[in-house]
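Each chain is listed here by its residues.
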Amino acid sequence: MLWRNCVIMTSLSPPLSVIDQFEVEYAQTRKSARRVQIISTVIFAIVFYVTASIGGFFDMTEVTLDNGDRVSMWKIWAGLPRLGEYIYKTLPILRWDSLFADIGEWFWRWKVWLRLLIETILIAYMATILGVIGAFLLSFPASRNLTPNKWVFQLSRRYLEIIRTVPELVWALIFVFCFGVGPMAGVLAIGLHATGALGKLYSEVNENIDMRPVEGVKASGGNWFEQIRYGVVPQVIPNIISYTFLRFEINVRSSSIIGYVGAGGLGQEIREAMSLQEYTDLSALFIIILFTVGIIDFVSERLRHRIIGISGKG
Amino acid sequence: MLQISKIRKTFGELHAVNNVTLNIPSGQMVGVIGRSGAGKSTLLRLINRLADPTSGTISFDGTNVTELKGRDLRLWRASCAMIFQQFNLIERMDVLSNVLVGRIAHHDFVSSMLRQYTDEERALAIRALDRVGMVQQALQRAGTLSGGQQQRVAIAKALVQNPKILLADEPIASLDPANATRVMDSLRTINQNDGITVLVNLHTLDTARKYCDRIIAMRAGEVRFNGAAHELSNDLVRDIYGEAGLETGIDESVTSTSIEEASSSNDNQQIA
């Protein structure tokens, strides 16, 4: 039946006209796509140029060369060698015949640093837990598909937005003012920021779930909490754990700098070394942080990949 | 007795269910047929209160269902269990946990959040799984089961709700003929042995004829036919499905999902 219809259709209308029409339309589509491409490239280039010049990238500066000539050159070229100079200053003197003694000298404050390193990790740990609790509870009302009503939705969304928009260092300054110098201010600052950041990620996970199990629970007489507990949580738990580990990595980095404003951890040593111009201390601290963050990243990444594959029991 | 009177549900301009009045005595097995978008699903969702009617009332044994709120509403939902085309199970939980969700309306906050169920409830769940032949898979994750098995788990979950009515929304539309037969047989057994009223949406006419005491046919949100299966004439079928584009009539064997009937009914039911 269908076959006969086809034959009739093709015999009635010249077969080429449809293809010709397609060719014309295809050429038009191609042409307009290319126009959009060119225009957007030009716009991006202009915006990039404008931001670079506002950012001072094209500023000139006077430089004295080795032979005493004064020349004018771009700041970025004039300044780059000084970066190497700075790094060079932070390098310790290590001699082969007294290597251990030199390293011992380099890490001379290792007892203080070790204590502060542990403090740094504990700040990150506790802040992550506070963040997970807050974000987990708020992520459900802050999900468009799960929220009980639009007021709760707006309220929880805006709250998460505000606490994540304020940088950790600003929260830390506020909390140091309230609770004094020490790790508690750091825990609260990072925890609050982590709540906002995780809440956003969790609620995005929630918005991508399959709603059929939720409906299944609702149809059996489950209330809102039960719909969340049974219909949503088992689906999102692997992603939630994965994002939590990722956040812990970020929090370790944050907590190692947050001492700069007196909120505990290694940051206070960085500040001291900078202000006292103890350049080799800076490189020692940098190496400590690099190693710690590296190890934590490595372990948590492996855990995350395992958890994504693991079956959640909810 | 389930009494639906002048119920209406509109989505914007669309009248999904338009002025439907039905009386369904307890213990009947009722098939609701009609083409896609005829309002069959909406009707079932209105009864279970997954959807709220725009106007009209539904009452069951004298209780006005449309006015229920909070805990009463949840208990009503539990007492008219719903089975879905896509099963709507919690795929990442095991089968037993899924069945126990059927007890959720009777739990307080703490015990349901901690998934604490009594031994009686677990025994009830296992017996229900036994009835649908799924005890062996009780500790398997629901997501690893085949479609037919998942639908049987969904039926077990419905059973532990101790329902007065069972609503099945296209329960066999995603299943192969063997599983479709098994699921429809379970629904009929539940209807006959437990005396539970069953309302089942179907899009295959012969399944409705075979299993249901009574057929309700819907088109464009309205009930066009309401009576015994044998009273459904070919003209009515044409009207319900509105087969303007078809040269021949509707061949029930084409849409059939049952095994035994498909070949034997071929000869005598072809409408040329």
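In what follows, the structure referred to is the one given above.
Residues numbered from 1 in each chain as written. Chains lettered and ligands numbered in written order. Predicted model: local features only at pLDDT ≥ 70, side-chain atom pairs only at ≥ 80, totals over all residues. Heavy atoms only, no water.

Some remarks on the overall build of chain A
When helices and strands are counted, chain A shows 12 helices and two strands. Going residue by residue from the N terminus, the α and β elements of chain A occur as α-α-β-β-α-α-α-α-α-α-α-α-α-α. What you see for chain A is a C-alpha radius of gyration of 30 Å, clearly larger than the 20 Å of a compact globule of 314 residues, by over 25%. Overall, chain A is about 95 × 70 × 45 Å in size when its C-alpha atoms are taken along their principal axes. In chain A, the share of contacts with a sequence separation of at least 24, taken over all contacts with a separation of at least 6, comes to 66%. (Helix = DSSP H or I, 4+ residues; strand = E, 2+ residues; numbered from the N terminus. Rg over C-alpha atoms; globule rule 2.2 N^0.38 Å. Contact = heavy atoms within 4.5 Å.)

A word on the overall build of chain B
Check the secondary structure of chain B and you find 11 helices and 10 strands. Buried positions account for 54% of the 272 residues belonging to chain B. When contacts within chain B are restricted to residue pairs at least 6 apart in sequence, those whose partners lie at least 24 apart make up 68%. Accessible area for chain B stands at about 11700 Å²; split by element, carbon and sulfur atoms hold 47% of it. (Buried < 20%, exposed > 50% of the residue type's maximum accessible area, 1.4 Å probe, protein only. Areas by Shrake-Rupley, 256 points an atom, 1.4 Å probe, with all protein chains shown as cover.)

Quick word on the interface of chain A and chain B
Listed per partner, the contact involves 24 residues of chain A and 29 residues of chain B. Together, the buried faces of chain A and chain B total about 2400 Å²; carbon and sulfur atoms form 54% of this surface. Contact with chain B buries area across many residues of chain A, yet Ala219, Ser220 and Tyr230 of chain A alone supply 27% of it, more than any other trio. Viewed at the interface, chain B and chain A are joined by one salt bridge. Between arginine 45 of chain B and glutamate 215 of chain A there is a salt bridge, with the nearest N and O atoms lying 2.5 Å from each other. The interface formed by chain A and chain B holds 11 residue pairs in polar contact (both at pLDDT 80 or more) in total. Of all the secondary structure elements, the ones that give two or more residues to the side of chain A that touches chain B are helix H9 (212-219) and helix H10 (224-257) of chain A. (Buried area = accessible area lost by both parts, 1.4 Å probe. Salt bridge = Lys/Arg side-chain N within 4 Å of Asp/Glu carboxyl O. Polar contact = N/O pair within 3.5 Å; in protein donor to acceptor, adjacent residues only side chain to side chain.)

Considerations on the sheet that holds strand E5 (residues 63-64) of chain B
Residue and element names in this part refer to chain B. Pairing in this open sheet of four strands is antiparallel, and the strands run E2-E1-E4-E5 from one edge to the other. Either end of the sheet is taken by a strand with one partner, and the two such strands are strand E2 (14-24) and E5. Taken together, the seven bridges between strand E1 (residues 2-11) and E2 define a ladder with antiparallel strand orientation. Opposite glutamine 3, over in E2, you have asparagine 23 as the bridge partner. (Pairing = 2+ DSSP bridges.)

Brief notes about the packing of helix H5 (residues 119-131) of chain B against helix H6 (residues 147-160) of chain B
Residues and elements named next belong to chain B. Where H5 meets H6, the closest approach of the two axes is 8 Å, and the angle between their N-to-C directions is 135 degrees. Between H5 and H6, the crossing angle belongs to the class labelled oblique. Crossing geometry of H5 relative to H6 is assigned as right-handed. For the pair H5 and H6, the contacting residues are Leu124, Ala125, Ala128, Leu129 and Arg131 in the first and Ala156, Leu159 and Val160 in the second. The residue inventory of the contact of H5 with H6, partitioned by class, reads seven nonpolar, no polar and one charged. (Axes fitted to C-alpha atoms, helices over the stretch in contact; angles between N-to-C directions. Parallel < 35°, antiparallel > 145°, perpendicular 65-115°, else oblique. Left-handed = near helix turned anticlockwise from the far one by under 90°. Nonpolar A, V, L, I, M, F, W, Y, C, P; charged D, E, K, R; others polar.)

Notes on H6 of chain B
In this model, H6 of chain B (14 residues) spans 20 Å end to end at C-alpha, consistent with the 20 Å of a helix rising 1.5 Å per residue. Buried residues dominate H6 of chain B, accounting for 12 of its 14 residues. For H6 of chain B, the complete set of buried residues consists of Gly148, Gln150, Gln151, Arg152, Val153, Ala154, Ile155, Ala156, Lys157, Ala158, Leu159 and Val160 of chain B. The secondary structure elements touched by the buried residues of H6 of chain B are H9 of chain A together with strand E6 (80-83), helix H3 (95-100), H5, strand E7 (165-168) and helix H7 (177-194) of chain B. Once H6 of chain B finishes, asparagine 162 of chain B follows within two positions and takes phi at roughly 50 degrees, a positive value. (Expected span 1.5 Å × (residues − 1).)

Remarks on the nonpolar core
Residue and element names in this part refer to chain B. The biggest cluster of nonpolar side chains holds 57 residues, and the ones touching the most others in it are Ile33, Leu166 and Leu187. Of the residues forming this core, the biggest block, seven residues, is contributed by H6. Other than its neighbours up to four places away in sequence, isoleucine 33 contacts Lys40, Leu202, Leu205, Ala208, Ile215, Ile216, Ala217, Met218, Leu232 and Tyr241. Ranked by size, the runner-up nonpolar core spans 31 residues in total, among them Leu2, Val30, Leu68 and Trp76. (Core = buried A, V, L, I, M, F, W, Y, C linked by side-chain atoms within 4.5 Å.)

As for the packing of aromatic side chains
Here the structure, examined in full by the defined rule, presents 12 aromatic pairs over all chains. Aromatic pair phenylalanine 225 of chain A and phenylalanine 109 of chain B: ring centres 5.3 Å apart, planes at 90 degrees, arrangement edge-to-face. Pair noted here: phenylalanine 225 of chain A is in helix H10 and phenylalanine 109 of chain B is in helix H4 (residues 109-113), and the two residues belong to different chains. Taking the relative accessible area as the measure of exposure, phenylalanine 225 of chain A reaches 44% and is therefore partly exposed. We classify phenylalanine 109 of chain B as partly exposed; its relative accessible area is 45%. The rings of Tyr49, Phe58 and Trp74 of chain A are connected pair by pair, giving a single aromatic cluster. Over the face of the ring belonging to tryptophan 108 of chain A we find arginine 109 of chain A, whose NZ or CZ atom lies 5.6 Å from the ring centre. (Phe/Tyr/Trp six-rings, centres within 6.5 Å; stacked < 30°, edge-to-face > 60°. Lys NZ or Arg CZ within 6 Å of the ring centre and 35° of its normal.)

Brief notes about the environment of arginine 253 of chain A
All names here are of chain A. Mapping arginine 253 onto the fold places it in helix H10. Taking the C-alpha atoms as reference points, arginine 253 and tryptophan 151, separated by 102 residues in sequence, lie 35 Å from one another. Not counting chain neighbours up to four residues away, the residues in contact with arginine 253 comprise Val293 and Asp297.

Here we look at the packing of H6 of chain B against H7 of chain B
Residue and element names in this part refer to chain B. For the pair H6 and H7, interaxial distance at closest approach is 9 Å and the crossing angle is 15 degrees. As summarised for this structure, H6 and H7 are arranged roughly parallel, according to the angle between their axes. The two elements H6 and H7 meet at a crossing, and its hand is right-handed. From H6, Gly148, Gln151, Arg152, Ile155 and Leu159 reach across to H7, where they touch Asn179, Arg182, Val183, Ser186, Leu187, Ile190 and Asp194. Residue composition of the contact of H6 with H7, by class: five nonpolar, four polar and three charged.

As for unusual backbone geometry
All names here are of chain B. Positive phi, close to 55 degrees, is recorded for asparagine 19, a residue that is not glycine. Examined against the element boundaries, asparagine 19 turns out to sit in strand E2. Take asparagine 19: its relative accessible area is 42%, and that puts it in the partly exposed class. The phi torsion at phenylalanine 87 lies on the positive side, around 70 degrees, for a residue other than glycine. Note on placement: phenylalanine 87 falls in the loop between E6 and H3.

Points about the pattern of salt bridges
Residues and elements named next belong to chain B. Tallied over the full model, the rule gives 17 salt bridges over all chains. Here aspartate 119 makes a salt bridge to arginine 122, at a shortest N to O gap of 3.4 Å. Of this pair, aspartate 119 and arginine 122 both sit in helix H5, three residues apart, which is roughly one turn of the helix. Classification of arginine 122 by relative accessible area gives partly exposed; the value is 32%. For the salt bridge of arginine 131 with aspartate 194, the shortest nitrogen-to-oxygen distance reads 2.8 Å. Remark: aspartate 194 occurs in helix H7 and arginine 131 occurs in helix H5; sequence separation between them is 63 residues. Overall, the relative accessible area of 34% leaves aspartate 194 in the partly exposed class.

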